[in-house]
Amino acid sequence: MGKTYAAGLFAALASAETAYADGSFNFSPFSTPSTNKAAPSAPVDVPHPPQQTAEAPEKPKVRNDNPRTTSAGFDPEALERGAKALREIDKSKSAKQVFDVIKKQEETRQVELTAKMQEFKALQAQAETERQRVVYDEQKKLAQQQAQIKSQMARYEDELARKRMQAENEHHRARNQELVKMQEESALRQEAARRATEEQIQAQRRQTEREKAEIERETIRVRAMAEAEGRAHEAKLAEDVNRRILVDRANAEREKWIAAINTTFDHIGGGFRAILTDQNKLVVAVGGVTALAAGIYTTREGARVVWSYVDRILGQPSLIRESSRGKYPWSGFFSRAMSTLKGANGGSGTKSEKGFGDVILHPSLEKRIQQLANATANTKSHQAPFRNMLFYGPPGTGKTMVARELARRSGLDYALMTGGDVAPLGSQAVTKIHQLFDWSKKSKKGLLLFIDEADAFLCERNKTYMSEAQRSALNALLFRTGDQSKDIVLALATNRPGDLDSAVADRIDEVIEFPLPGEDERFKLIKLYLEKYIAQAGERKPGLFSNFFKNQQQEIEVKGLTDDILREAAARTDGFSGREVAKMMASVQAAVYGSEDCVLDGNLFREVVDYKVAEHQQRRKLAAAEGDK
């Protein structure tokens, strides 16, 4: 019965909802979003209300063409059925159970709706997350595409700029080549014109000199013929007198010598006769001669043995080519005493303490050498071990002169040897190396041992052309230089530092490069050697007997040789070493002595410089050609 009432109630409510939904407003009795759905059709057993009595008059019904709506648009049938069903349920005994069932069903529906709502929210959040991820991926792809496009644009712009710069560089290079070609052609034309002018001048000068020489020869020939005729006449007049005088003098001398020879032979013959006739005198004479010969031989051989022993103990080793120490301890005693007295009297010598004598260095290199000299001097005074050095650079840059000056400034003795002297010694090289180091340790001041051309016997030991004797000599030197010494400073000089053995390079503490002199250094060298070879050419060195045994040199007169000309020569001698500059100035001196008036002017100086520059360039071309082979 209760189920029937519940079904009827649901049907009534559904009809009411439908009626209200079709009307002008919507009303849900239970305020649920699912009430608009029609309830499932089920047979409803609704109790019929009691029939009205016959006495009750029927109410007149209002005509309605649309059975679901009234004249106002509202259909009250569903509502009436629902109200009727509610009244019947209310009158029923199971009304409370019905309402409980309805309440539980509504609560269940609310729970389901809440779960669906949460599930919908979770789906919505997941969809939002997915949408954000998709947006982030799209933004990332867009940023990557933009970065790639920007990188491509940058590469394209860089490629365009590089091509533009390359085109501009090609244009500048072509223009510079054209300018250089034009300048070279102009220089060649000027050089050809200058050479033609010089050749014409030289031809005229040679013609004049030939004419002058012919006149002088003719004059000398005429004078000689006249003098010869005069002498012949005088000789013819005095010939008879001289002949008689000479005959008389010869006869007198012959008689005198004949008498002396006869007297000598008479005495010698008497002595021999006395010795031969007396046996005792003969024995004494023979014994005396034998003893004299034996004494002479013994004395000579003994002196040779003693001197070789003294030379080996006290003498200078044969490997030393030059040294500030004498060959023997007593050698140079007088010169050292004179230099000591000169220093005590305040004489400073000819060399200044600034600079390095005849070698001109770059200021930075000169400063480093000066610091090295001071450090070496302080090392000796503090009894600390010395530091070994390596000088490398092109030949003629002053390595040997700097080593000698370094030893002098640091207060050390100086000894020079060359690496080329070791190879010819063969098996004696090891002995000579040890003698050299033993001799070096005897210096009281300390010794700077300078080995020039060190790569000649200190090259890599794995070289195929290196002999066993050279390898042994290298090992001997490595043995003597294994520890830092307080007596010897080892200074090596080479033009090829890469050829030195790695163990030798490990012994080196200071490596100094001697580059070719720059323009300023070449200008100073030219002025230095101009003063040495030209200005001081005719001066006598001070000495007691120099005026008696040496002829007076002809002084050179310098005219019009300004600093501008010297700077021009310094600029043109690019690539010259200090030795080449000295040779060039020696050639200038020879050219001056070869001239007639012994005068040095700008033209003669330029002529010698042109010749030496051309010679230097030719030498470089030959060296390059040999290097290409």
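Scoring rules and cut-offs
- Residues numbered from 1 in each chain as written.
- Predicted model: local features only at pLDDT ≥ 70, side-chain atom pairs only at ≥ 80, totals over all residues.
- Heavy atoms only, no water.
- Phe/Tyr/Trp six-rings, centres within 6.5 Å; stacked < 30°, edge-to-face > 60°.
- Helix = DSSP H or I, 4+ residues; strand = E, 2+ residues; numbered from the N terminus.
- Buried < 20%, exposed > 50% of the residue type's maximum accessible area, 1.4 Å probe, protein only.
- Axes fitted to C-alpha atoms, helices over the stretch in contact; angles between N-to-C directions.
- Parallel < 35°, antiparallel > 145°, perpendicular 65-115°, else oblique.
- Left-handed = near helix turned anticlockwise from the far one by under 90°.
- Contact = heavy atoms within 4.5 Å.
- Nonpolar A, V, L, I, M, F, W, Y, C, P; charged D, E, K, R; others polar.

Looking at an unreviewed UniProt entry, one finds the chain named AAA+ ATPase domain-containing protein and attributed to Anisodus acutangulus.

**Q** Looking at this structure, how should I read the packing of aromatic side chains?
**A** Applying the stated rule across the entire model yields three aromatic pairs. Aromatic side chains Phe391 and Phe450 sit 6.4 Å apart centroid to centroid with 40 degrees between the ring planes, which places their arrangement in the tilted category. Of this pair, Phe391 sits in strand S2 (residues 389-392) while Phe450 sits in strand S4 (residues 447-452); the two residues are 59 residues apart in sequence, bridging distant segments of the chain. A relative accessible area of 0% means that Phe391 is categorised as buried. Judged by its relative accessible area of 0%, Phe450 is buried. Grouped by ring-pair contacts, the aromatic residues Phe391, Phe450 and Phe514 constitute a single cluster.

**Q** Where do I start with the packing of helix H11 (residues 519-535) against helix H13 (residues 563-572) in this structure?
**A** When two helices pack together, their arrangement is given by the angle between their axes and by how far apart the axes lie. Interhelical geometry of H11 versus H13 gives an angle of 125 degrees and a closest axis separation of 8 Å. Considering their axes alone, H11 and H13 lie oblique with respect to each other. By crossing handedness, the relation of H11 to H13 is classed as right-handed. The residues of H13 that touch H11, namely those facing Glu519, Asp520, Arg522, Phe523, Ile526, Lys527 and Leu530, are Asp563, Leu566, Arg567, Ala569, Ala570 and Ala571. A breakdown of the residues in the contact of H11 with H13 according to their chemical character gives seven nonpolar, no polar and six charged.

**Q** In this structure, what is going on with the packing of H11 against helix H14 (residues 578-594)? I would like to understand it.
**A** H14 packs onto H11 with a crossing angle of 40 degrees between their chain directions and a minimal axis gap of 9 Å. Judged on the interaxial angle alone, H14 and H11 are oblique. The handedness of the crossing between H11 and H14 comes out as right-handed. Contacts between H11 and H14 pair Leu525, Ile526, Tyr529, Leu530, Tyr533 and Ile534 from the former with Gly578, Val581, Ala582, Met584, Met585, Ala586, Val588 and Gln589 from the latter.

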